[in-house]
Amino acid sequence: MTANKRLLETFQPEHYDLYLDIDRGHKTITGRTTITGHASQAQIAVNQKYLQVASVKVAGQDVPFTTDDQAETINITLPAAGAVTLTINYTAPLTDTMMGIYPSYYEVDGVKKQLIGTQFETTAARQAFPSVDEPAAKATFSLAIKYDEHPGETIIANMPEDHVENGVHYFQETVRMSTYLVAFAFGEMQSKLTETKSGVKVGVFATKAHQPKELDFALNIAKRAIEFYEDFYQTPYPLPHSWQLALPDFSAGAMENWGLVTYREAYLLLDPDNTSLDMKQLVATVITHELAHQWFGDLVTMNWWDDLWLNESFANMMEYVSVDAIHPDWHIWELFQTSEAPMALQRDATDGVQPVHVAVNNPAEIDSIFDSAIVYAKGSRMLVMVRALLGDDALRKGLKNYFAAHKYHNAKGSDLWQALGEASGLDIGKIMNSWLEQPGYPVVTATVNDQGQLVLSQQQFFIGNGVDQGRTWQIPLNSNYDAAPQIMTDKQVILGNYQDLRDQNGQPFRLNVGNNSHFIVKYDDTLLADILDHANDLDPISQRQLLQDLRLLAEGQQVSYADLVPLLKRFANSPSAIVNAELYHIANNLKMFVQPGSVEEQELREFFDQLSSQQVARLGWLPKAGESNDDQLTRPYVLNASLYARNADSIAAAHQIFGDYQDRLEQLSADVRGLVLKNEVQNYGNDDLFAKLIKAYQDTADASFKQDIRGALPNATDPATIKKIIALYKDASVIKPQDLRAWYRGVLANDAGQQAAWDWLRTDWQWLNDTVGGDMEFATFITVTAGVFHTPERLEEFKAFFEPKINTPGLTREIKMDIKIIESKVALIDAEKAAVNATVAQNCR
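Residues numbered from 1 in each chain as written. Predicted model: local features only at pLDDT ≥ 70, side-chain atom pairs only at ≥ 80, totals over all residues. Heavy atoms only, no water.

A. Examining the overall build of the protein chain more closely. Of regular secondary structure, the protein chain possesses 28 helices and 28 strands. On C-alpha atoms alone, the protein chain measures out to a radius of gyration of 28 Å, which is about the 28 Å that the 2.2 N^0.38 rule sets for 845 residues. Projected onto its principal axes, the C-alpha positions of the protein chain cover 85 × 65 × 55 Å. Burial status across the protein chain gives 60% buried among its 845 residues. In the protein chain, the share of contacts with a sequence separation of at least 24, taken over all contacts with a separation of at least 6, comes to 71%. Carbon and sulfur atoms provide 47% of the accessible area of the protein chain, an area that totals close to 31,200 Å². Counting 70 positive and 109 negative side-chain charges, the protein chain places the averaged centre of each group 1 Å from the other. (Helix = DSSP H or I, 4+ residues; strand = E, 2+ residues; numbered from the N terminus. Rg over C-alpha atoms; globule rule 2.2 N^0.38 Å. Buried < 20%, exposed > 50% of the residue type's maximum accessible area, 1.4 Å probe, protein only. Contact = heavy atoms within 4.5 Å. Areas by Shrake-Rupley, 256 points an atom, 1.4 Å probe, with all protein chains shown as cover. Lys, Arg positive; Asp, Glu negative; His and termini not counted. Charge placed at Lys NZ, Arg CZ, Asp CG, Glu CD.)

Spelled out as structure tokens, the structure:
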């Protein structure tokens, strides 16, 4: 069978009885799957992967079958078409790939333990049981699990446990759902439970390696999120419970399995007494993202993977909507501006990027469409535009109708647009298709022409070389002048005499107010000067947006990068965290233009000292009681800048704090702990410190502390220490495969370690492929490499290594795009290096 043939066309499952006998000691699964359904012809197929099929029976009689490992199918000959019940007996391995049914490894008091969990998205359910493993093949599931059970162990699944008989745990039948959402887990677990106002049981589960208090934050967010969504969607949560489970080994960030959501420990558990605000915000948005999916993705599921955005983009927007309702004091939409917006704008400016709606057929290519910058970030910006156009009343009405029409079934993007259009009276589909079906986004140029008229024009924006195909978008302009249309549909529009408009409005002309539409603005010198003259009147989002758009234009070589340098000094003392986030994004990019150890690098360090010194003096190294959210979030930016500047006072202050806490590093404030450790590694590193931090990394169950150590150690300057770190890459007892990319990138981004890390990747690529190659994160090892490289020499090495792999399914687009990304940086540095360094030299004194 060809890889892109839909098995659902010939066999429609209605119910699965799944029996699994799991032996952890021998790492084997013995399974029996009984599928009741309808065959439209006698020749059918179901999916399998890595299964050893012993028999296929219909009505107790063996029927002919063959397995096709390349197509990942069992091809079956039935006695006749029509209603049928298949029983398939098989065995399968318990793997260590973090896909299918797999063990997570952890320790409690030095004793090694396992927690068995599942990860079936996108096409790994077929590794656990034979099935029509396609999103549209919804069915009900009855799960029965036997395992080598020990006293004190717990088993949980999508639905509540019904009964236990002869050591077999039977679970209540599920509602109608897709195969990839089936989930279960067992092992020694602790939990905390509560209940929503509507009676839904909510629980957080984790290993006993964690302190019980680490479950509290997640429990509170999960309960309040479900209550919020029931109200916002005007649709009840459809299941009896909602369990949140932290898995010690997990390839993605989290997974929306219906009723049993699984997470990386770092994205669910936290110490309420010592976790930074930005980490609390991250955990809250991950939980609310996954719980948004319980309706949008689980209750109504995309018909096929090409509409993945329908799941992810929507959940990505709703995570902010819900957290904003739960914690309005956090101003969470500011996080949207520092995470989703720049990620989408950066990635979507490279020619060859995928559109939000992307065709996909081959199972090997499905994981590659999980481009977080496009399907998640750009897609959520798209839906933020929709929300702004509709308003919440029409949005909620449309969603209620959408859920009512499609619950327990599947939908396409057009179904959503239809429901929202009917609720609002707007042709949302017509507006949004230009964003959904086309890659890239426009730059809207605003100019005052020779006749004094204010003219807007749109053109696709590229960073690096791009082929302009004359694309146009329907752009929600969000201007502060009424003369601008609500939606710009043409290539060019003339708004009228600029001076008259300026006089009427009494403020500088601006577009994309709020930065919610997915485009950037290039103002001519007259308009930009007017905005800059009134920059202090702008709100933080607008100030940040001004810097963001200019940075992107500079990367696209439409303005000079050198012109950004004086602007950094202008905004350096802003109290806004989101302004500082963009300011230091630009400042850190300036490092591309200098050679390590050069005079220019020293001048850049002095410039960083100028940018950060007043803020460091104002904020200090340790958090203060009662300080604002902005101060908490700004401190890491300015302290990091001060350490890059090699400011003697900052280096000494961080060293003093390390000395005060060296025997209790976990108690050091999480707001600055990562920077204190980084400073110690960079400036006071030795063998004892390395051993101390590696031991702490292995011993702690605090994911935030682990992350701080993981961020600090790769900054070592001693070649012997770097060699020790790289030697641990393949030691899963120290560095779990899920964390390997962060360790690799950390060393690669360190000038002292880049060569060693790059050599490792090339030498051990096959090992890496064998270890995490079935994981949707695998291609991001290429992404992060391209994110660091920016010299002609590295470009040639990158091409030499990756171009021979360009036809590997799932890697093709990433390799092509990343070559362009490095090329664009090389060209930018070549064109701008002299001007940038001269301007830094002028501004560092």
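B. Focus on the nonpolar core. Core analysis: the largest hydrophobic core is formed by 292 residues, its most contacted members being Tyr-233 and Trp-417. Leaving out residues up to four positions away in the same chain, Trp-417 has contacts with Trp-309, Met-382, Leu-383, Val-386, Ile-428, Gly-429, Met-432, Asn-433 and Leu-436. (Core = buried A, V, L, I, M, F, W, Y, C linked by side-chain atoms within 4.5 Å.)

C. Expanded view of the packing of aromatic side chains. Using the criterion set out here, one finds 47 aromatic pairs in the structure. With a centroid separation of 6.3 Å and an interplanar angle of 40 degrees, the aromatic rings of Trp-758 and Phe-802 are classed as tilted. You can see Trp-758 sitting in helix α24 (residues 754-763) and its partner Phe-802 sitting in helix α27 (residues 792-802), a full 44 residues away along the chain. Neither residue differs from the other here; Trp-758 and Phe-802 are each classed as buried. Grouping aromatic residues by their ring pairs yields a cluster made of Phe-228, Tyr-229, Phe-232, Tyr-233, Tyr-237, Trp-295, Phe-296, Phe-314, Tyr-402 and Phe-403. One Lys or Arg, Arg-6, reaches over the ring of Trp-304 and ends 3.7 Å from the middle of that ring. (Phe/Tyr/Trp six-rings, centres within 6.5 Å; stacked < 30°, edge-to-face > 60°. Lys NZ or Arg CZ within 6 Å of the ring centre and 35° of its normal.)

D. Representation of the sheet that holds strand β27 (residues 492-497) within the structure. Across the sheet, four strands lie side by side as β27-β24-β23-β28; this open sheet has mixed pairing. Each end of this open sheet is capped by a strand with a single partner; those strands are β27 and β28 (520-523). Strand-to-strand twist in this sheet, taken as the mean axis angle between neighbours without regard to direction, amounts to 20 degrees. Looking at chain direction, strand β23 (residues 442-448) and β28 are connected through four bridges and run parallel. Residue pairing in the sheet places Thr-445 in a bridge with Lys-522 of β28. Lying on the sheet, helix α13 (residues 540-555) is in contact with β23 and β28; it crosses β28 at an angle near 80 degrees. (Pairing = 2+ DSSP bridges. Axes fitted to C-alpha atoms, helices over the stretch in contact; angles between N-to-C directions.)

E. Just the sheet that holds strand β3 (residues 43-47), in detail. On the basis of which strands lie adjacent, the open sheet formed by three strands has the order β3-β7-β6 and antiparallel pairing. Unpaired on one side and paired on the other, β3 and β6 (65-68) mark the two borders of the sheet. Across the sheet, the mean angle separating the axes of adjacent strands is 25 degrees when strand polarity is ignored. Across four bridges, the pairing between β6 and strand β7 (residues 73-77) is antiparallel. Bridge pairing in β7 places Thr-66 opposite Asn-75.

F. Representation of the pattern of salt bridges in the model. Scanning all chains against the criterion turns up 39 salt bridges. With a closest N to O distance of 2.6 Å, Arg-551 and Glu-582 form a salt bridge. Of this pair, Arg-551 sits in helix α13 while Glu-582 is found in helix α15 (residues 577-589), placing the two residues 31 residues apart along the sequence. Under the relative-accessibility criterion, Arg-551 is labelled buried at 0%. Put simply, Lys-49, Glu-72, Arg-126 and Asp-133 are held in one network by salt bridges that share partners. (Salt bridge = Lys/Arg side-chain N within 4 Å of Asp/Glu carboxyl O.)

G. The pairing of β3, seen in detail. Of all five residues in β3, four are buried, a share of seventy percent or more. Note that β3 and β7 share five bridges and pair antiparallel. Bridge pairing in β7 links Val-46 to Ile-74.

H. Looking closely at helix α8 (residues 392-406). Between its first and last C-alpha atoms α8 spans 21 Å; for 15 residues at 1.5 Å apiece the expected length is 21 Å, and the two agree. Tucked into the core, α8 has its buried residues touching α1 (216-233), β21 (300-302), α3 (308-326), α7 (372-390), β22 (409-411) and α9 (413-424). With its phi angle positive at about 65 degrees, Tyr-408 sits one or two positions after the end of α8. (Expected span 1.5 Å × (residues − 1).)

I. Seen up close, the environment of Ile-822. Turning to its location among the elements, Ile-822 is positioned in helix α28 (residues 812-843). C-alpha separation for the pair Ile-822 and Asp-216, spaced 606 residues apart in sequence, amounts to 44 Å. Ignoring sequence-local partners within four residues, the contact set of Ile-822 consists of Ala-786, Phe-789, His-790, Leu-795 and Phe-798.

J. Up close: helix α19 (residues 673-684). Look at α19: 16 Å from first C-alpha to last across 12 residues, which is about the 16 Å you get at 1.5 Å a residue. α19 sits mainly inside the fold: nine of its 12 residues count as buried. For α19, every residue scored as buried is listed here: Arg-673, Gly-674, Leu-675, Val-676, Leu-677, Lys-678, Asn-679, Glu-680 and Val-681. Here the buried face of α19 lies against α17 (629-644), α18 (648-661), α20 (687-699) and α21 (703-712).

K. Highlighting the packing of α13 against α15. Look at α13 against α15: their axes get within 8 Å of each other, and the N-to-C directions meet at 20 degrees. Overall, the two elements α13 and α15 adopt an arrangement that is roughly parallel. Where α13 crosses over α15, the handedness of that crossing is left-handed. Across the interface between the two elements, Pro-540, Ile-541, Gln-543, Arg-544, Leu-547, Gln-548, Arg-551 and Glu-555 of α13 pack against Ile-578, Val-579, Ala-581, Glu-582, Leu-583, His-585, Ile-586 and Asn-589 of α15. (Parallel < 35°, antiparallel > 145°, perpendicular 65-115°, else oblique. Left-handed = near helix turned anticlockwise from the far one by under 90°.)

L. Molecular detail of the side chain of Asn-589. In this structure, Asn-589 sits in helix α15. When its relative accessible area of 17% is taken as the criterion, Asn-589 is described as buried. A polar contact is formed between the side chain of Asn-589 and the side chain of Glu-555, at a distance of 3.2 Å. (Polar contact = N/O pair within 3.5 Å; in protein donor to acceptor, adjacent residues only side chain to side chain.)

M. Highlighting unusual backbone geometry. Note that the residue after Glu-121, namely Thr-122, is joined by a cis bond; omega there is 5 degrees. Looking at the secondary structure, you find Thr-122 in the loop between β10 (111-119) and β11 (140-147). For Ala-59, which is not glycine, the phi dihedral falls at a positive 55 degrees. Mapped onto the fold, Ala-59 is located in the loop between β4 (52-58) and β5 (61-62). Within the chain, Gln-557 stands out as a residue other than glycine whose phi angle is a positive 55 degrees. Relative to the assigned elements, Gln-557 resides in the loop between α13 and α14 (564-571).

N. Summary view of the side chain of Arg-544. Here Arg-544 shows up in helix α13. Overall, Arg-544 belongs to the buried group, its relative accessible area being 2%. Among the polar contacts listed, one links the side chain of Arg-544 to the backbone oxygen of Ile-578, at a separation of 3.1 Å. Those residues in contact with Arg-544 that sit more than four places away from it in its chain are Gln-337, Thr-338, Pro-342, Ile-578, Val-579, Ala-581 and Glu-582.

O. View of the packing of α18 against α19. Close contact between α18 and α19 brings their axes to 9 Å; oriented N to C, the two are set at 110 degrees. The orientation of α18 relative to α19 falls into the category roughly perpendicular. Contacts between α18 and α19 pair Ile-651, Ala-654, His-655, Ile-657 and Phe-658 from the former with Val-676, Leu-677, Asn-679, Glu-680, Asn-683 and Tyr-684 from the latter. Split by residue class, the contact of α18 with α19 holds seven nonpolar, three polar and one charged. (Nonpolar A, V, L, I, M, F, W, Y, C, P; charged D, E, K, R; others polar.)

Everything listed here is a matter of coordinates, which is why it stays silent on function.
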